[in-house]
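One letter stands for each residue in the lines below.
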Amino acid sequence: MKFFADTAIIDDIRDLADAGLLDGVTTNPSLIAKSGRNFLEVVAEICAIVEGPVSAEVVALDYAGMMREAEIVRKIADNVAVKLPLTIDGLKACKALTDDGTMTNVTLCFSANQALLAAKAGATFISPFVGRHDDIGFDGMDLIEDIRLIYDNYDFATEILVASVRHPVHVLQAAKIGADVMTAPPAVIKQLVKHPLTDKGIEAFMADWAKTGQTIG
Ligand code: E4P
């Protein structure tokens, strides 16, 4: 399963990339606002750090406006994936951009039927939001299972990008289901390394090593 970082904070992206943990990045208008940075500048900076797909979201709601913004965004770098909302205009833009060789990420997916439409429109990625689904009393992972089944039934090439990931259990469940990608805040990705027995083991080894009075090198 590929790991994308769901952030526009450069230091966090660099940190994960240096550890070899990053296959791509996703941003959205809220994350850009949180970064306090200029949208086009920060996306360009991220694209220079990460080789994989970097999702940058258009904000126009009509087809012509989306295409106008996509034209600007896709010129930033070859690894930009234009992020589009799951609406008819968004799907139209998805088809046009895909046909033109641009990566697309159809976002704000909350049903398997929506995911089916995005695949038919040729989306590179579909982003079902599991956390926001959980928030309103559904099991977001049921949605991922349904999409996996449907995409496999028809051999759709669209990759399932599990979004709105809030904790390590979401990551584990997504991997078990066979999602292609998950995107999570850097803090959640870093949480994956934590295990109390790892910490306890390091502590015990350090204590025993200190008793030897030795140093390495
Ligand atoms: C995905 O592309 C979105 O940017 C993101 O995962 C949304 O997560 P949230 O529901 O925690 O805001």
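Everything here concerns the structure above.
This one's a predicted model, so the numbers in the text were calculated from it and none came from an experiment.

Scoring rules and cut-offs
Residues numbered from 1 in each chain as written. Predicted model: local features only at pLDDT ≥ 70, side-chain atom pairs only at ≥ 80, totals over all residues. Heavy atoms only, no water. Near = heavy atom within 4 Å. Polar contact = N/O pair within 3.5 Å; in protein donor to acceptor, adjacent residues only side chain to side chain. Areas by Shrake-Rupley, 256 points an atom, 1.4 Å probe, with all protein chains shown as cover. 1 Å grid on protein atoms, 1.4 Å probe; cavity = no way out; pocket = protein on both sides within 12 Å on 5 of 7 lines; lining within 4 Å. Sits in = over half its atoms within 2 Å of the grid points. Nonpolar A, V, L, I, M, F, W, Y, C, P; charged D, E, K, R; others polar. Phe/Tyr/Trp six-rings, centres within 6.5 Å; stacked < 30°, edge-to-face > 60°. Helix = DSSP H or I, 4+ residues; strand = E, 2+ residues; numbered from the N terminus. Buried < 20%, exposed > 50% of the residue type's maximum accessible area, 1.4 Å probe, protein only. Arc of directions from axis to C-beta. Contact = heavy atoms within 4.5 Å. Pairing = 2+ DSSP bridges. Axes fitted to C-alpha atoms, helices over the stretch in contact; angles between N-to-C directions. Parallel < 35°, antiparallel > 145°, perpendicular 65-115°, else oblique. Left-handed = near helix turned anticlockwise from the far one by under 90°. Right-handed = clockwise from strand over helix to strand, strands pointing away.

The next point concerns the site of the ligand. All residues adjacent to the ligand are Asp-6, Thr-26, Asn-28, Lys-83, Phe-129, Arg-132, Ala-163, Ser-164 and Arg-166. Contact between the ligand and Lys-83: an oxygen atom at 2.6 Å from a side-chain N or O atom of the residue. Arg-132 places a polar side-chain atom, nitrogen or oxygen, 2.6 Å from an oxygen atom of the ligand. Coverage of the ligand by the protein chains reaches 86% of its 340 Å² of free accessible surface. Most atoms of the ligand, that is more than half of them, are within 2 Å of grid points of the largest pocket. Each residue belonging to the shell around the ligand can be placed in one class, and the counts come to two nonpolar, three polar and four charged.

Tallied over the full model, the rule gives four aromatic pairs. Centroid distance Phe-4 to Phe-125: 5.7 Å. Interplanar angle 75 degrees. Geometry classified as edge-to-face. Remark: Phe-125 occurs in strand E6 (residues 125-128) and Phe-4 occurs in strand E1 (residues 2-6); sequence separation between them is 121 residues. By the burial criterion, Phe-4 is buried, and Phe-125 matches it. Judged by centre distance (5.7 Å) and plane angle (55 degrees), the rings of Phe-110 and Phe-129 are tilted.

Turning to helix H1 (residues 10-18), a few remarks are in order. Given 3.6 residues per helical turn, the α-helix brings residues three or four places apart onto the same face. Among the residues of H1, Ile-10, Ile-13 and Leu-16 are the ones counted as buried. Considered in projection along H1, the buried side chains sweep an arc of 135 degrees and stay on one side of the axis. Those residues of H1 that are exposed and angled more than 90 degrees off the buried face are Asp-11 and Asp-18. Residues of H1 that are buried make contact with E1, strand E2 (24-26), helix H3 (39-49) and helix H10 (186-191).

Attention now goes to unusual backbone geometry. A positive phi angle is found at Leu-108, which is not glycine, with a value near 65 degrees. Along the polypeptide, Leu-108 turns up in strand E5 (residues 103-109). Backbone geometry places Asp-155, a non-glycine residue, at a positive phi of 55 degrees. Along the polypeptide, Asp-155 turns up in the loop between helix H8 (140-154) and strand E7 (159-162).

This part covers the side chain of Lys-83. Tracing the backbone through its elements, the reader meets Lys-83 in strand E4 (residues 80-85). One polar contact links the side chain of Lys-83 to the main-chain carbonyl oxygen of Thr-27, over a distance of 2.8 Å. With residues up to four places along the chain from it excluded, the contact list for Lys-83 reads Thr-26, Thr-27, Asn-28, Ser-55, Ala-56, Glu-57, Val-58, Asn-105 and Thr-107.

Time to look at the sheet that holds strand E8 (residues 181-184). A barrel is described by the order of its strands in space; here eight strands give the closed sequence E1-E2-E3-E4-E5-E6-E7-E8, paired in parallel fashion. The sheet shows a mean angle of 30 degrees between the axes of neighbouring strands, taken without regard to direction.

Take the packing of helix H6 (residues 112-120) against H8 next. Packing of H6 against H8 leaves a shortest axis separation of 9 Å and a crossing angle of 40 degrees. Taken together, the axis directions place H6 and H8 in an arrangement best described as oblique. Of the two possible hands of crossing, H6 and H8 adopt the one that is right-handed. Of the residues in H8, those in contact with Ala-112, Ala-115, Leu-116 and Ala-119 of H6 are Leu-143, Asp-146, Ile-147, Ile-150 and Tyr-151. The residue inventory of the contact of H6 with H8, partitioned by class, reads eight nonpolar, no polar and one charged.

Along E6, one buried face is formed by Phe-125 and Ser-127 and the opposite face, lined by Ile-126 and Pro-128, is buried too. As paired strands, E5 and E6 are joined by three bridges and run parallel to one another. Residue Val-106 lies in a different strand from E6, and its bridge partner there is Ile-126. Where the polypeptide runs from E5 across H6 and back to E6, its parallel neighbour, the crossover connection is right-handed. Taken together, the two bridges between E6 and E7 define a ladder with parallel strand orientation. In the strand pairing of E7, Phe-125 is matched with Glu-159.

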